[in-house]
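Here's the letter readout for the chains.
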Amino acid sequence: MRGGHVCIVVSFLLLLAALNGEFAGDYSKLSGIIIPGFASTQLRAWSILDCPYSPLDFNPLDLVWLDTTKLLSAVNCWLKCMMLDPYNQTDHRECKSRPDSGLSAITELDPGYITGPLSSVWKEWVKWCIEFGIEANAIIAVPYDWRLSPSKLEERDLYFHKLKLTFETALKLRGGPSIVFAHSLGNNVFRYFLEWLKLEIAPKEYLRWLDDHIHAYFAVGAPLLGAIETVKATLSGATFGLPVSEGTARLMFNTFGSSMWMLPFSKYCTTDNVYRRHFSGGDRKNHHAYHCDEHERQSNYSGWPTNIINIEVPSIRGDKAYPSFVEIAQANLSGMECGFPTQLSFSAREVSDGTFFKAIKDYDPDSERLLYLLQKSYHADPILNPLTPWERPPLKNIFCIYGIDSKTEVGYYFAPSGKPYPDNWIITDVIYEIEGSLYSRSGNLVEGNPGATSGDETVPYHSLSWCKNWLGPKVNITRTPQSEHDGSDVQVHRNIEHQHGEDIIPNMTRLPTVKYITYYEDSESFPGKRTAVWELDKANHRNIVRSPVLMRELWLEMWHDIHPDKKSNFVTKAKRGPLRDEDCYWDYGKARCAWPEHCEYRYLFGDVHLGQSCRLKNSTYDLLSHYV
């Protein structure tokens, strides 16, 4: 969901840290291209708007997203600059906003002494890059208007044309391919770009272009099968911590074309491949039908842990209550008496194919607009229907990274609130996944099909872990502590059999007091390609890239990947020691610096505690030589 605090900067910094000239490989040729997530790019005003009853007006280039001062003092004006026409995605007639450009657009959403630290996105990580001597032109941010549907991004802003030119410019400028870092919705944007590219490049040149321009793809917190919280934002509003009501947030969110981009959908339902159809003489303008296989009919919840939505609607008014949806309505309403509220349940497929919005059309004024948007911008998209399962992108190196084992919402109970739109629905109960079980908000156990673990507090495990299907039939699994370790608690299972479409559950021990990283790695199934999945215990979706553990692992992996003397396909997991002065600390029990083989006490003027005076004995290069 919101990528503003979950951006993937950390990965970028890790790789770019390796660009230091003292390393053996020619790292100076690499570029890092960052695709931010939802609500993680600054939007600036591109018009003049006089705000009555407020001393603050909007002038060209004024910050809109996110300027909390104007939000608090002139919320109606602010909404005019944020909202879009829900049908054609054009700007409000009185105000328009456009995404900022460059690193400044993604480093800090709301600069200021008070709000700055709270809205910091990649600011600290850019400081890291500077500290390691990374050149400015090696870091390339590609912000976009995260309010738009994918087709509108190209139609209005030529975003995907510009992204293609960004890759080609980076290759000419630095002489080598790029590393793609995408977070949350940014992964959906990158997926659409790869499909769009197929129709811009000759078929015989497509794979060559990818190999020449993209060395590796890091997908962090990717909602590969959608995110449940999107449904909550659509029906009752999600404020993202802003000082606005949920109704106002809902009113704004439902005008965005991107509001449908992360809807949960079934892994059993697909559409025809537009790429093959286009080059075989098919009609590019008409998207082929959305169809589901037999597993969808056999599955209770479209393969998800439970029904996504359970909603009460007013009493039946005959078949006219659902004029376009009588049969399914009757199935849902069997056994109910007239005059009493009726509870309907909807699976992920019924949410993403429009069945749910048709069923509540008579009770919610937003449904007609959302149905129009869903059909025109997603199911009828000539490039790609994004509400279909991902296949492994045809890239050489893919790393799918996400957090697990956190309490995550997987289902909702809604009921009429008795208030007018946009506050006409309230959430009466929430279903969570945690520790391999389903619980209601009140703590009661819920029946369903929970996964092996839970998600990252925002995206359910079912959606995050879909990239395990990109692994082949034989997978190596390694589980290590997240903290620095000497290798005594490292568990390795090699050549584990993996059936496509099924989860891989490692038979490994787990201490309740230790946070682990579990690596699933495959470099044999697809010649010339590597695929890895990293699961980080308790890593939050919005803060995963703030984790120094993830930074360390990305740094090591990319340093190893490009090193001319590497001895294995993936970096060794045998041990982890400190790599920076910040990793050294004072061991009060032994009255010395921890990791004495790597760290030593070395006081410098300005140190205020013992831990600050613990510093590395050797250079970072000497320490990294142990991980080749």
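Residues numbered from 1 in each chain as written. Predicted model: local features only at pLDDT ≥ 70, side-chain atom pairs only at ≥ 80, totals over all residues. Heavy atoms only, no water.

**Student:** I'd like a rundown of the pattern of salt bridges, residues and numbers included.
**Tutor:** All chains considered together, the criterion is met by 33 salt bridges. One salt bridge in this structure joins Arg156 and Asp157, with 2.8 Å as the shortest N-O distance. Note on Arg156: relative accessible area 26%, which makes it partly exposed. When the shortest N-O distance is used, the salt bridge between Glu296 and Arg349 registers 3.0 Å. Taken together, the residues Glu296 in helix 14 (residues 294-298) and Arg349 in helix 16 (residues 348-352) connect sequence positions 53 residues apart. When salt bridges with common partners are traced through the structure, they connect Asp145, Arg147, Arg156 and Asp157 into a single cluster. (Salt bridge = Lys/Arg side-chain N within 4 Å of Asp/Glu carboxyl O. Buried < 20%, exposed > 50% of the residue type's maximum accessible area, 1.4 Å probe, protein only. Helix = DSSP H or I, 4+ residues; strand = E, 2+ residues; numbered from the N terminus.)

**Student:** Could you give an account of unusual backbone geometry, with specific residues and numbers?
**Tutor:** Here Trp65 and Leu66 are connected by a cis peptide whose omega angle stands at 15°. When you line up the elements, Leu66 lands in the loop between strand 3 (63-65) and helix 2 (68-73). Cis peptide bonds are those with omega within 30 degrees of zero, and the linkage from Tyr421 to Pro422 qualifies with 10°. Its location among the elements puts Pro422 in the loop between strand 13 (408-416) and strand 14 (425-434).

**Student:** Explain the state of the cysteines to me, and be specific about the residues and the numbers.
**Tutor:** Counting across every chain of the model gives six disulfides. With a sulfur-sulfur separation of 2.0 Å, Cys81 is cross-linked through a disulfide to Cys95. Every disulfide takes its handedness from the sign of the S-S torsion; for Cys81 and Cys95 that torsion is 100°, giving right-handed. Note that Cys81 is positioned in helix 3 (residues 75-82) and Cys95 in the loop between helix 3 and strand 4 (97-99), a separation of 14 residues in sequence. Like Cys81, the residue Cys95 is buried in the burial classification. Disulfide pairing places Cys584 opposite Cys599 at an S-S distance of 2.0 Å. In this structure, the disulfide formed by Cys584 and Cys599 twists by about -75° around the S-S bond and is classed as left-handed. Separated by 15 residues along the polypeptide, Cys584 in the loop between helix 20 (548-562) and strand 20 (586-587) and Cys599 in strand 22 (residues 599-601) bring together distant segments of the chain. (Disulfide = S-S within 2.5 Å.)

**Student:** I'd like a rundown of the sheet that holds strand 14, residues and numbers included.
**Tutor:** Within a sheet, adjacent strands bond to each other through the backbone by hydrogen bonds, running parallel or antiparallel. The five strands are arranged 11-10-13-14-15 in an open sheet whose pairing can be described as mixed. Both outer strands of the open sheet, strand 11 (342-346) and strand 15 (437-440), are each paired with one neighbouring strand and no more. Across the sheet, the mean angle separating the axes of adjacent strands is 20° when strand polarity is ignored. Inspection of the sheet shows strand 13 paired to strand 14 by eight bridges, in the antiparallel sense. Bridging from a neighbouring strand, Glu409 pairs with Tyr432 of strand 14. (Pairing = 2+ DSSP bridges. Axes fitted to C-alpha atoms, helices over the stretch in contact; angles between N-to-C directions.)

**Student:** How would you explain the sheet that holds strand 4 if you had to name every residue and give the values?
**Tutor:** Taken in spatial order, the three strands of this open sheet run 3-2-4, and their pairing is antiparallel. Each edge of the open sheet is held by one strand with a lone partner, namely strand 3 and strand 4. Across the sheet, the mean angle from the axis of one strand to that of its neighbour is 40°, orientation sign disregarded. In the sheet, strand 2 (residues 43-45) pairs with strand 3 via two bridges, with the strands oriented antiparallel. Across the sheet, residue Arg44 finds its bridge partner in strand 3, namely Leu63. Helix 3 rests against strand 2, strand 3 and strand 4 of the sheet, and its axis sits at about 75° to strand 3. (Contact = heavy atoms within 4.5 Å.)

**Student:** Summarise the side chain of His598; cite the residues concerned and give the values.
**Tutor:** On the secondary structure map, His598 appears in the loop between strand 21 (592-593) and strand 22. By relative accessible area, which is 13% here, His598 ends up buried. In contact with His598, not counting residues within four places along its chain, are Pro578, Arg615, Leu616, Lys617 and Leu623.

**Student:** Can you break down a nonpolar patch on the surface residue by residue, with the values?
**Tutor:** Together, Tyr588, Tyr601, Tyr603, Phe605 and Leu610 give the surface a local cluster of nonpolar side chains, amounting to about 660 Å² of exposed area. Within the fold, Tyr588 resides in the loop between strand 20 and strand 21. On the basis of relative accessibility, which here comes to 61%, the residue Tyr588 falls in the exposed class. (Patch = residues over 30% accessible without salt bridge, like charges linked within 9 Å, V, L, I, M, F, W, Y side chains within 5 Å. Areas by Shrake-Rupley, 256 points an atom, 1.4 Å probe, with all protein chains shown as cover.)

**Student:** Quick rundown of helix 7 (residues 150-157)? Include the residues and the values.
**Tutor:** For helix 7, every residue scored as buried is listed here: Pro150, Lys152, Leu153, Glu154 and Asp157. The positive-phi residue at the C-terminal boundary of helix 7 is Leu158, with phi of around 50°.

**Student:** Quick rundown of the environment of Ser437? Include the residues and the values.
**Tutor:** Locating Ser437 in the fold gives a position in strand 15. For Ser437 and Pro450, which are 13 residues apart along the polypeptide, the C-alpha to C-alpha distance reads 5.5 Å. Setting aside anything within four residues of it in sequence, one finds Ser437 in contact with Tyr432, Leu445 and Pro450.

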